[in-house]
Amino acid sequence: MPSSIILAGVAGCVLDDANNAPLAGDLTAQAQSALSSEQVTVVSRRDDSAAPVHVQIKECTTVASSDVHVGVECVVDPEYALVGGGATTDSSTGSAAFLRESRPVDARTWRASSSARGAPNPHHLTVYAIGVRLDGVRTKDLQDSIQRKSVQLPTDVAAAQVDDGWVTIGGGAETAPDASVTGGAARFLTASHPAGLHEWTAASTDYAIPAAGTTSAWILQIKDQVIEGFGGLEIKTIQGSPGDAAHGYGTSSLQIEPGWALLGMGASIEYADDQRSRTLVSIQPGEDGRSVSVTSRDQFVASAGSTTAYAVVARKKAGTHGLCNPGTALDSSVDSCVSAVCDLRGSCCTTEWDDTCVDLVEPVCGRSCAEHTCEPTVYEPEKWTYDDGTAVQSNCYSYAQNRYPESGVGQDPGYTMGLRPTREQAYWFEQYAAGDGLIPSSLTEPCPDNRTKIYMYANPFSYHVYRQDGDGTWSDKFGFNGLAVPTPDIGDRPQHLADQRNPVEAYMCACNQRLPDQLPPRQ
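Quick summary incoming for the structure in this document. Per chain, residues are indexed from 1 in the order of the written sequence. Local features in a predicted model are, by the rule used here, given only for residues with pLDDT of at least 70; side-chain atom pairs are given and counted only at 80 or more, and totals for whole chains, interfaces and linings are based on all residues. Side-chain metrics in this entry use all non-hydrogen atoms of the structure; hydrogen atoms and water are not considered.

**So, empty space enclosed by the protein**
In this approach a probe as big as a water molecule rolls over the atoms, and the regions it shows empty are the leftover space.
Here is step 1: Points on a 1 Å grid, built from protein atoms alone, make a cavity when a 1.4 Å probe fits but cannot get out and make a pocket when they are open with protein on both sides within 12 Å along at least 5 of 7 lines; residues with an atom within 4 Å of a point are the lining residues. Grid points are joined across faces, edges and corners, and a volume is the space filled by probe spheres set on the points. Here the structure, examined in full by the defined rule, presents 2 cavities of 30 Å³ or more.
Here is step 2: The volume enclosed by the largest cavity comes to roughly 70 Å³.
Here is step 3: Along its surface, the largest cavity is lined by V53, V83, V132, L134, L142, I146, I169, I222, L233, L263 and A314.
Here is step 4: Only Asp, Glu, Lys and Arg are considered charged in this grouping, and only Ala, Val, Leu, Ile, Met, Phe, Trp, Tyr, Cys and Pro are considered nonpolar; every other residue, Gly among them, is considered polar. Considering only residue class, the lining of the largest cavity consists of 11 nonpolar, no polar and no charged.
Here is step 5: The volume enclosed by the second largest cavity comes to roughly 50 Å³.
Here is step 6: Here the residues of the lining of the second largest cavity sort into 5 nonpolar, 1 polar and 2 charged.

What follows is the structure, encoded as structure tokens:
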């Protein structure tokens, strides 16, 4: 049987062959840069130490060395939203190669370019893409909530500002000579860094041969408000100690405090005199995602200056939660909506954020809670069975989330990201479910926000999902044609009958809503 065949329902859930979304493998296997057509090797690392903020760092290195690398791209996996990136050059000679571009492209892609200057210098370019996933938040919603802006100027410096009510989470830079520039003249980056939480600064210079051109600053911004399903995101910028160098390489680095997650990276050069031959060689994260180091260098002509590393970091604000579910009292400073609600009902900020507070969110703030208010599920087999005794055509994953099938929408883990898992991706189902907004949990850990506990297992032959209804009992639906049935509970997990060869097992918390009174049309 070909390994790329869609995971068949040997037992348990049947994957939805009717879903015409791209294969997950097509989305995650990055063997070639889309723009430059350069072959790259890919390394993926994760940092979960700041959970519920989870970080992925993708590292994409060109296979071939060259004097010039243009538009090499690196893409985070679909369950992450791009928040930052960087790049570094190496060299097969003692000379350096320099950065000309390091910036975001879309919701998952970071792009970089580099070249030698003044003399041939074959080198490899490594591009870093930093992605974030937040527990309880659909990655597609997070990707859509992050905006990219850019400012291009015909000068050596450009700066992009965030909009009112937004904050910086990352940014990048690009420089290019004018089309009229000839004779090997080029431009190189000298700065790409945050200026507080409301601006990203970029700078560039030519070298040896005058080269008029442009400098572009790119900024990634997110609204400064509570994120539904998660809570408040506390963001700050940090910087390392400047590294002074009279000649040759200049470096700077910084460490990220425990409990904080890396989002964006930056670097700057401050020149000690009028000689400006020092430009950026690298902006890169540590292998564990807990540090940032940057490097600059002059070439042929000494250029004294200092180099400084920057980072944008984040963590969940303590004591915060979404506005669409009851919870502890919220501080009015966490969100303008909280302040407005507490002006009408002070106990929402002093006693508890109860159902009345939740009910005020939409009329007072204009934010819909329709898809964010969670309700404990009730075992209602009649809502999954037509009058003739046939089953509603939904699989076990949809049933576990109390969700009727929708035309053109997949039913397997990763459906919110347009994924169609293949059998070799069965072991990624937990990550895909997290990208759908489910929260990793355990059998005994309570689910927050009235979420429903589900149990999932998967192997290359099948997968199945069970849910724990509001009364504490388990139920499931076996395949598209299966009926909703109660499940025997054997203590540590619901008893399952499907194939158990080398399973991946996970407990997760799903935000379920009440089913409509009307059964869905037959598929």
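**Quick look at the pairing of strand β17 (residues 261–271)**
Here is step 1: Relative accessibility decides the category of a residue: with a 1.4 Å probe and only protein chains considered, values under 20% of the type maximum give buried, values over 50% give exposed, and everything between is partly exposed. Counting from the N terminus, the helices are DSSP H or I runs at least four residues long and the strands are E runs at least two residues long. By the criterion of burial, β17 is predominantly enclosed, with 10 of the 11 residues buried.
Here is step 2: When DSSP finds two or more bridges between two strands, those strands count as paired. By the bridge criterion, 2 bridges tie strand β11 (residues 187–194) to β17 in an arrangement that is antiparallel. By the bridge assignment for β17, S192 is matched with A267.
Here is step 3: Where β17 lies against strand β20 (residues 305–316), 10 bridges are found, and the strand directions are antiparallel. Following the sheet pairing, A261 is matched in β20 by A314.

**Re helix α3 (residues 336–344)**
Because the α-helix completes a turn every 3.6 residues, residues three or four places apart line up on one side.
Here is step 1: For α3, the set of buried residues is C337, V338, V341 and C342. The buried residues of α3 occupy an angular sector of 130° when the element is viewed end-on, so they sit on one face. Along α3, the residues that are exposed and aim more than 90 degrees away from the buried face are S336 and D343.
Here is step 2: On its buried side, α3 packs onto α4 (347–350), β22 (352–353) and α5 (355–365).
Here is step 3: Pairs of N or O atoms within 3.5 Å make up the polar contacts considered here, provided that, within protein, one atom can donate a hydrogen while the other can accept it, and that residues adjacent in sequence are counted only when both atoms are side-chain atoms. Where α3 starts, the residue carrying a side-chain oxygen 2.7 Å from the main-chain nitrogen of C337 turns out to be D335. The directions considered for the arc run from the helix axis to the C-beta atoms. The contact rule is simple, with two residues in contact once any of their heavy atoms fall within 4.5 Å.

**Structural notes on the environment of G389**
Here is step 1: Inspection of the secondary structure puts G389 in the loop between α5 and α6 (396–400).
Here is step 2: C-alpha separation for the pair G389 and L483, spaced 94 residues apart in sequence, amounts to 8.8 Å.

**Thoughts on the packing of aromatic side chains**
Geometry of an aromatic ring pair is reported as the spacing of the ring centres plus the angle between the planes.
Here is step 1: Only Phe, Tyr and Trp rings take part, Trp by its six-membered ring, and two of them pair if their centres are within 6.5 Å. Stacked means planes under 30 degrees apart, edge-to-face means over 60, and tilted covers everything else. In the structure shown here, the tally under the stated rule is 9 aromatic pairs.
Here is step 2: Ring geometry for F98 versus F188: centroids 5.9 Å apart, planes at 70°, classification edge-to-face. Note that F98 is positioned in strand β5 (residues 98–104) and F188 in strand β11, a separation of 90 residues in sequence.
Here is step 3: Taken together, the ring pairs in this structure connect Y455, Y466, W474 and Y507 into an aromatic cluster.
Here is step 4: We count a charge as sitting over a ring when the NZ of a lysine or the CZ of an arginine lies within 6 Å of the ring centre and within 35 degrees of the ring normal. Directly above the ring of F188 sits R117, whose terminal nitrogen or CZ lies 5.6 Å from the centroid.
Here is step 5: Over the face of the ring belonging to Y415 we find R403, whose NZ or CZ atom lies 3.8 Å from the ring centre.

**Looking at the state of the cysteines**
Here is step 1: Cysteine sulfur atoms are paired as a disulfide whenever they come within 2.5 Å of each other. With the rule as written, the count across this model stands at 7 disulfides.
Here is step 2: The partner cysteine of C337 in its disulfide is C365, sulfur to sulfur 2.0 Å. The chirality of the disulfide connecting C337 with C365 is right-handed, given an S-S dihedral of about 90°. Taken as a pair, C337 in helix α3 and C365 in helix α5 lie far apart in primary sequence, 28 residues in all.
Here is step 3: Each sulfur of the disulfide joining C447 and C509 lies 2.0 Å from the other. Across the S-S bond of C447 and C509 the torsion is about -80°, and the bridge reads as left-handed. Of this pair, C447 sits in the loop between β23 (439–441) and β24 (452–459) while C509 sits in strand β28 (residues 504–510), and the two are 62 residues apart along the sequence. The two residues C447 and C509 agree in class, both being buried.

**Thoughts on the sheet that holds strand β25 (residues 462–468)**
Here is step 1: In space, the 6 strands of this open sheet follow the order β23-β28-β24-β25-β26-β27, with antiparallel pairing throughout. In this open sheet, the two strands that pair with only one neighbour each are β23 and β27 (484–487). Each strand axis lies, on average, 35° off the axis of its neighbour in the sheet, ignoring direction.
Here is step 2: Looking at chain direction, β24 and β25 are connected through 6 bridges and run antiparallel. Each residue of the ladder has a partner; that of M456, found in β25, is V465. All axes are obtained by fitting lines to C-alpha atoms, using only the stretch in contact for helices, and the reported angles, taken between N-to-C directions, cover 0 to 180 degrees.

**Topic: the side chain of S475**
Here is step 1: In this structure, S475 sits in strand β26 (residues 474–477).
Here is step 2: Looking at S475, its side chain comes within polar contact range of the side chain of Y399, at 2.7 Å.
Here is step 3: Residues contacting S475, with those up to four places away along its chain left out, are Y379, Y399, Y466, R467, D469, V485, P486 and T487.

**Things to note about the pattern of salt bridges**
Here is step 1: One side-chain nitrogen of Lys or Arg within 4 Å of one carboxyl oxygen of Asp or Glu is enough to make a salt bridge. For the structure on display, the rule yields 21 salt bridges.
Here is step 2: In this structure, R290 engages D47 in a salt bridge whose closest nitrogen and oxygen atoms are separated by 2.9 Å. With a gap of 243 residues between them, R290 in the loop between β18 (279–285) and β19 (291–297) and D47 in strand β1 (residues 40–47) connect regions that are remote in the sequence.
Here is step 3: For D47, a relative accessible area of 9% puts it in the buried group.
Here is step 4: Two residues, D77 and K58, come together in a salt bridge whose shortest N-O distance is 2.7 Å.

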